[in-house]
Each structure stands twice: as structure tokens, then as C-alpha cells.
Amino acid sequence: MGGFLSYNTLVVLAGCTLLGLAAGTVGTFALLRGRALVADAVGHAALPGVAIAALIVATLGADPRALPPLLAGAAIAGLLGVLAVQGLTRTRRIREDAAIAIVLSSFYAAGVALLSWLQSLPGAAQAGLSKFILGQAAAMRAEDATLAAGVALACLALVLGAFQRLRAVAFDADFARMQGLRTDRTDLLLLGLIVLVCVSGLQAVGLILVVALLVLPAATARLLTHRLPRMLGLAAATGAVAGGAGAWLSATRPELPTGAAVVLVAALFLVAALLAAPGRGLIAQGVSTLRRRLNTETEHFLRAAWEAQEAAGAGPGTAGDRWAPIAAVAAARGWSRWKVRRLALWLSLRGLVARAEGHVHLTPRGAAAARRAVRAHRAVEHHLLAAGAADIGSADRLADLVEHGLPPEMAARLLPEPSTLPASPHALGRQP
Amino acid sequence: MSAPEPLSVTHLTVAYGERPAVWDVTWSAPPGLTAIVGPNGAGKSTLLKATLGLVPALSGTVRFFGRPLEEVRDRVGYLPQRASVDWDFPASALDVVCMARYPRMRWWGPVPRRHREAAREALVQVGMADFADRQIGKLSGGQQQRVFLARALAQDADLVLMDEPFAAVDAATEAAIVTVLRNLAARGRHVVAVHHDLGTVPEYFSHVLLLNARVFAAGPVKDVFTPENIGATYGARLALLEEARVGASAAGGG
């Protein structure tokens, strides 16, 4: 592929982009309706259909490279595969996941056997058929790409049109059925769309990997948003970029199969979203977990410093103005020296304590925060004791667990008098 | 009253595999608020689902207002168990409630404004107006239950079948549901609810069906909700403590 900006290449690129767009939108509902594996079955089951269609075309003496009969064969075989899955499931002797695995592998095996047999025949019936397994967009002709693009656009229009129905069935099919909506028709529409996308993607992406184009962009979009319209848009965009970029990569490097390139780009998006998505991403969750833990430890440190002063005779209510030994904080919390020093450094950086010679002194801000922490802790402790839910030792430990996220209105209910600071129900100092 | 009963069931039998879950039930729900009560696995939910055609019945007939369901679907509403759907689904509370209006809309295109307004109104009735645009996964369990209740209300049906509306809800939600039940009854609507808390049956409902695969007793709460009938329905499965509670509430609240 020397001139990769040739007309043919441009058409192929556009076709793959549109295919990704349609796969993203259809895939969104396939994912939400739990049909991802069915899509995989459709893809694999298409292979014997392609082989048989090629055989028939060759027998009739027509052009074996003509795409429409091959795709029709693929669609029929894909649908038969889905029907076989449903039939097996309906016997109630085989569960759906097993049924999908059985159909997927059997149909694919039949396809591989048929292909080998076709290759042993004289003539050119098998020409290019193995391209359908892994996809080779470079082998597409302009009219093939136009066909794929047309199918993709039709899918897109149908998904957008039937949006409400697809959503109703995906969320609560029983309720929709109870209302008298024809959920079977909606499911059939979704299945038809899945078959259409799989079949139109056969030549570009290949039948093994076409399921990835349905699932990956939708899963990526799900990580990024909680809104279905936005999810549809993001899935469409991700699919389009993956389709276009994959086709372009494969066009510039013909040794790289298009299917693999498209799926790798889509997988890259998924990994990026999995790590970096705001809110649902692993990084965001890790950061928020870390921050929560740090806040908890900050409160524990401040309270321990406060109570160390109380234990040293500062009296409840007036503590907070003396130097407390860091070692006492470590002993009260059962923390290692290294950990308590690290926390003391962190708190001094945040301006909550001042440090000197192994002691900490609460700043006005730190004292206020410490007082809040002490109050919350003792409020929970007294509440647990009053409710008879715990004895003194376990009330302390239970309070450590629940006091941190306490919403203000609940703290106010537990401790109706905001100015008082109750005494600790247990002796202060080293924990048991 | 000459009007046909909101729901009547004759010789209804439902089986999962070999085991019958609902056995030859002949029963009709009178107007007003009716509870279906029975031990776990007694086929209460199955009975509701079978009347709605959601699980296949082996035999029997079901009539709503004297007609087959097909002819009166718009008069029947449904509140399924909260656990029956995936709450991580990307939808807002308002989206979910709008689903109640789908039979009145064309199959394509966005939700028309008047149906969205009806859905908002239903959210107001359950005290969830401020959460209309919240993603359903970010609601508490009780709030999710109220969204489901709003969806059932938005169906604007004459009879609402409720499957465990009070299961695992907070006090605010329980109060909201009770208010909704009483409003429905005051407006001449009917409710048939699977209910698990024996202690509140006399307070919330006027009629009761005691079910354990077959009908043990049915009628006005004050007549049939007796410790003997309940004991017979639950067999040995009713804990002593529960029995004492029921006895006390039946004596006090009947």
C-alpha cells in the first residue's frame, strides 16, 4: 500500500470509522441487555455460512469475490447460531453460558473444516476467505466499504429511533412485558442489529474479533458516565476512532491484520478509561480511598494528641494548649515510630500542629479539628454505651470505625449540646 | 357492589420444574388494600407474577375487573421487587419513572413533555422530587424503592400489584409508602401487596390473603387474620416471638 491516501483507502477508512460508530451504539445496548456473548456466538457462527455461500457462488460460476452473497451466508449462519443457543437453553439441560460456548466452537469448527475442504478443491472458490477470520481492510474494495458503511448507518438510525424501547427492555424487561410492550420484538431488533454489525464488520475486523468492537467501546463509555445518552455518544465516538485508527494502522502496515489493530486501539481506550476515568476509574478510587484513610488517621492523631494532654492533667474542655509527646500519640494508637512521625510531618505541613523535640503542639486550627474529632468519638461511644450495644472497651473500637464519616446532622443528634465536651467513658492513654 | 372484583383468580396452579409453587388458588381481591401474607417460598411473588403473565401458569384463569389482562392492561400497575433489576444501570430516577408511560407513547422518539411532567408528579408524590436527575445507583435502597413506587404510580392504574414494597426500607420510605397506599385507597384505587411484616398487616391493610402454596384463609383482616389461621399458614415455621407480636397486634389493632 504505497499511496495510502488513494481513493480506495479513504473509502475503506470511512467505512471502518462508520462501522466502529455503529458497533459502539449497538454494543451499548448489547452490553446493557447482557448480550455480549451472544454477539461472540454470532461472529463465530458466521464462518460456515461464508464458506457455504462461497461454495454455492463458485458452483454457480459467479464471481467468488462478490461480497453480498458471502455476507448473506454469514448473516444466515449467525442467526442460526443464535437460534441454536436459544434452543439448547430452552431444553433446560444446558445453561446459556455453556450453550454459547458449545455453539460458538461447533459452528467455528464446522467453518474451519469447510474452509480446508474448499481449499482442496480445484478453482478459486476459497480465494480470500481466510481474510474473514482476522479481517483485512486493505483487501476491501470501495464498493465493499460502501456496503459496510450503509449497513452501519442503518444500524445507527434504528438504535436512535428505538432508543426508549431498547432502554426499557434492557433495564426491566419484566415490567415492559407487564405493560404490554412487545419485548420480544425489541429483543429481536437488538439481535438483528448485532447480526448486522457483526456481518458488516466481517471483512474489516474479522469474525473472531468483531465482538470486541461491540463490547470494548460500550464498556469504555460505561466507565466514563452514568447517563445513557452520553454513554451512547461516547461509545460511538470511541468505536469510530478505534475503527478509523485501526484501519489506518493496518493500511500503512499490511502485515498487521485490521481486526487486531482495531481491537488493540479499542482496548487501549478501555485500559485508559479503567485507570483514569473520573469517579469509576481505578486511580480515582485509589486516591479517594487513600484520602479517606489519611483523613481518618489525621483525626486519630489529633484526638490522641488532645487526649494525651487531658491524661497529663489538662482537664476536659481546656486541653489543646500544651505540648504532647509524639510517643504518647504512638502509644495511644499503637502506631510505629516511623508512621507517627510521618503523620506528624504531614499534619505540620497542613498547619494543624507545630513540632519540636519529639512533641507536637496543636495550632488553633488543629485544636478545633481535634476538639471536633474528640466530640464525635465520645458522642458515638456514649451513644453505643447508652444503647447497651457495646461495653466500654469495644465502644472505643467501634467508635473508631464509625465516627469519621458522621454527617453533621447525625452528630448533632448524638450530641445535642454543642458547647460541651463530654468526658471519655474510659481511661485515657495506652490502648488495651 | 356489583362491579367486578379488581383481581380474581380461579384454579391457578404454577410450578417451577417439578415443584408446585402455587397450588389450585381460587381467590379474588376485594376493592381497597389487600395484603398477601405467607412464609418464605409460599408462592406469594409467584402468584403476582403469574397473574401478570410473567411466569407461565399450568392451569387456571385470571381476570382483572372481570376481563382478561390483555383487554385492561392500562388499568393494572406493577411494583416489582427492588432486587429484580440492576441498579447500576445508567439511568436517572426520572428516566425510570418515565418508563411507566411507554405504552402511551409511540415506539420511537423522545418522551413527550406531558409524560415527563406526569413522571415528575409521581416523584413528588413519593417525596423524591429533588432526586429526579440523580443516577439510580447513587440512591439509597429506600430511595430506589420510592422510585419504583413512583413508576407504579405514573402508570396511573386502577389496581397496583406490589411485590414486597416494604422489604428492607428505612422509616422515611415506609411512611411515604403508607401515605401513598392510603391516598390510592382514598381515590378509589386498589392495591394487592405481598407483605412480609405480619405485625403491620392490620394497620396498613383492610383485607388479607394467607397463602402457603394454597389458600389458607382470605377475607377482612379483622375476621381472618387470627393467630390460628396464621399458625396454620406458617406451620411450624412461625417463630414464637413473631406469633406473640401478631397476637398482640391482632388483639389491639383489629
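From a predicted model like this one, the values you see are computed outputs, not experimental measurements.

(A) Here's a closer look at the overall build of chain B. Counting its secondary structure elements, chain B contains nine helices and nine strands. In summary, chain B has a C-alpha radius of gyration of 18 Å against a globular reference of 18 Å for 254 residues, a match within 12%. Along the three orthogonal principal directions, the C-alpha set of chain B runs to about 55 × 40 × 40 Å. Relative to its 254 residues, chain B shows a buried fraction of 54%. Across chain B, contacts joining residues at least 24 apart in sequence account for 69% of those joining residues at least 6 apart. Of the roughly 10,900 Å² that chain B leaves accessible, carbon and sulfur atoms contribute 51%.

(B) Here's a closer look at the sheet that holds strand 4 (residues 59-64) of chain B. Residue and element names in this part refer to chain B. Spatially, 2-1-4 is the arrangement adopted by the three strands of the open sheet, whose pairing is antiparallel. The open sheet terminates on both sides in strands that have one partner only, identified here as strand 2 (19-29) and strand 4. Across the sheet, the mean angle from the axis of one strand to that of its neighbour is 20 degrees, orientation sign disregarded. Relative to strand 4, strand 1 (residues 7-16) is paired through five bridges, and the arrangement is antiparallel. Residue pairing for strand 4: threonine 13 is matched across the bridge by serine 59. Each of strand 1, strand 2 and strand 4 is contacted by helix 1 (residues 44-51), which is oriented at about 115 degrees to strand 1, the strand it contacts most.

(C) Summary view of helix 13 (residues 258-276) of chain A. Residue and element names in this part refer to chain A. A rise of 1.5 Å per residue sets the reference length of helix 13, with its 19 residues, at 27 Å; its end C-alpha atoms lie 27 Å apart and thus fit the reference within 8%. All of the buried residues in helix 13 are Thr258, Gly259, Ala261, Val262, Val263, Val265, Ala266 and Ala273. Buried-residue contacts for helix 13 involve helix 5 (131-134), helix 10 (202-205), helix 11 (210-224) and helix 12 (228-252).

(D) Broad picture of the interface of chain A and chain B. Contact residues are listed per partner, giving 23 residues for chain A and 35 residues for chain B. Roughly 2,700 Å² of surface becomes buried between chain A and chain B when both sides are summed, with 60% attributable to carbon and sulfur atoms. The largest share of the area that chain A buries against chain B comes from Phe171(A), Phe175(A) and Met178(A), three residues that together contribute 30% of it. Summed over the shared surface of chain A and chain B, the number is four salt bridges.

(E) View of the pattern of salt bridges. All names here are of chain B. Evaluation of the coordinates by the stated rule reveals 18 salt bridges over all chains. With a closest N to O distance of 2.7 Å, arginine 73 and glutamate 70 form a salt bridge. Arginine 73 sits in the buried class, given a relative accessible area of 18%. With a relative accessible area of 58%, glutamate 70 lands in the exposed category.

(F) Highlighting the packing of aromatic side chains. Counting across every chain of the model gives seven aromatic pairs over all chains. With a centroid separation of 6.5 Å and an interplanar angle of 65 degrees, the aromatic rings of Tyr204(B) and Phe205(B) are classed as edge-to-face. The class for Phe205(B) is buried, based on a relative accessible area of 5%. An aromatic cluster is defined as three or more aromatic residues linked by ring pairs; in this entry it consists of Phe171(A), Trp87(B), Phe89(B) and Phe148(B). Its end group placed over the ring of Phe65(B), Arg75(B) keeps NZ or CZ at 3.7 Å from the ring centre. Above the ring of Phe216(B), the side-chain terminus of Arg214(B) is found at 4.4 Å from the ring centroid.

(G) Representation of the domain arrangement of chain A. Annotation of chain A at the domain level lists domain 1 (7-276) and domain 2 (284-414). In this structure, domain 1 of chain A and domain 2 of chain A have C-alpha centres spaced 57 Å apart.

(H) Quick look at the side chain of Glu164(B). Residue and element names in this part refer to chain B. Within the secondary structure, glutamate 164 is located in the loop between strand 6 (159-163) and helix 5 (171-186). Here the side chain of glutamate 164 touches histidine 196 through a polar contact of 3.0 Å, side chain to side chain. Contact partners of glutamate 164, with chain neighbours within four places excluded, come to Lys44, Gln81, Gln145, Val194 and His196.

(I) Structural context of the pairing of strand 9 (residues 214-220) of chain B. All names here are of chain B. Bridging between strand 8 (residues 207-212) and strand 9 involves six bridges; their strand directions are antiparallel. Looking across to strand 9, one finds that histidine 207 is bridged to proline 220. The antiparallel hairpin formed by strand 8 and strand 9 contains one residue in its connecting segment, where alanine 213 sits at a positive phi of about 70 degrees.

(J) Summary view of the side chain of Arg73(B). Mapping Arg73(B) onto the fold places it in the loop between strand 4 and strand 5 (76-79). Within the structure, the side chain of Arg73(B) is placed 2.7 Å from the side chain of Glu70(B), a separation counted as a polar contact.

(K) Spotlight on the nonpolar core. Formed by 131 residues in total, the largest nonpolar core has its most connected members in Ile194(A) and Met162(B). Ranked by the residues each element gives to this core, the list is headed by helix 1 (residues 7-32) of chain A, at 11 residues. Setting aside its immediate chain neighbours within four residues, Ile194(A) contacts Val26(A), Ala30(A), Arg35(A), Ala39(A), Val42(A) and Leu214(A). Core analysis: the second largest hydrophobic core is formed by 30 residues, Val14(B), Val62(B), Val72(B) and Leu209(B) among them.

(L) Summary view of the pairing of strand 6 of chain B. Residues and elements named next belong to chain B. With five of five residues buried, strand 6 lies mostly within the body of the structure. Residues Leu159, Leu161 and Asp163 of strand 6 are buried on one face, and the alternating residues Val160 and Met162, pointing to the opposite face, are buried as well. Where strand 5 meets strand 6, four bridges bridge the pair, whose relative direction is parallel. Across the sheet, residue leucine 79 finds its bridge partner in strand 6, namely methionine 162. Where strand 6 and strand 7 (residues 190-194) come together, five bridges link them in parallel fashion. Across the sheet, residue leucine 161 finds its bridge partner in strand 7, namely valine 192. Assessed by its sense of winding, the connection that carries the chain from strand 6 through helix 5 to strand 7 is right-handed.

(M) A look at the packing of helix 4 (residues 141-154) of chain B against helix 5 of chain B. Residues and elements named next belong to chain B. Between helix 4 and helix 5, the least distance of the axes is 9 Å, while the angle of their chain directions is 15 degrees. As far as their axial angle goes, helix 5 and helix 4 are roughly parallel. Like other packed secondary-structure pairs, helix 4 and helix 5 cross with a definite hand, here left-handed. On helix 5, the residues that touch Gly142, Gln143, Gln145, Arg146, Leu149 and Leu153 of helix 4 are Ala172, Thr173, Ala176, Ile177, Val180 and Leu184. Here the residues of the contact of helix 4 with helix 5 sort into seven nonpolar, four polar and one charged.

(N) Highlighting helix 15 (residues 326-333) of chain A. All names here are of chain A. Every buried residue belonging to helix 15 is among Ile326, Val329, Ala330, Ala332 and Arg333, and all of these are buried. When helix 15 is viewed along its axis, its buried side chains cluster within an angular range of 165 degrees and face the same direction. Phi for glycine 334, located one or two positions after helix 15, is positive at around 70 degrees.

The rules behind each value
Residues numbered from 1 in each chain as written. Chains lettered and ligands numbered in written order. Predicted model: local features only at pLDDT ≥ 70, side-chain atom pairs only at ≥ 80, totals over all residues. Heavy atoms only, no water. Helix = DSSP H or I, 4+ residues; strand = E, 2+ residues; numbered from the N terminus. Rg over C-alpha atoms; globule rule 2.2 N^0.38 Å. Buried < 20%, exposed > 50% of the residue type's maximum accessible area, 1.4 Å probe, protein only. Contact = heavy atoms within 4.5 Å. Areas by Shrake-Rupley, 256 points an atom, 1.4 Å probe, with all protein chains shown as cover. Pairing = 2+ DSSP bridges. Axes fitted to C-alpha atoms, helices over the stretch in contact; angles between N-to-C directions. Expected span 1.5 Å × (residues − 1). Buried area = accessible area lost by both parts, 1.4 Å probe. Salt bridge = Lys/Arg side-chain N within 4 Å of Asp/Glu carboxyl O. Phe/Tyr/Trp six-rings, centres within 6.5 Å; stacked < 30°, edge-to-face > 60°. Lys NZ or Arg CZ within 6 Å of the ring centre and 35° of its normal. Domains from an automatic or database assignment. Polar contact = N/O pair within 3.5 Å; in protein donor to acceptor, adjacent residues only side chain to side chain. Core = buried A, V, L, I, M, F, W, Y, C linked by side-chain atoms within 4.5 Å. Right-handed = clockwise from strand over helix to strand, strands pointing away. Parallel < 35°, antiparallel > 145°, perpendicular 65-115°, else oblique. Left-handed = near helix turned anticlockwise from the far one by under 90°. Nonpolar A, V, L, I, M, F, W, Y, C, P; charged D, E, K, R; others polar. Arc of directions from axis to C-beta.

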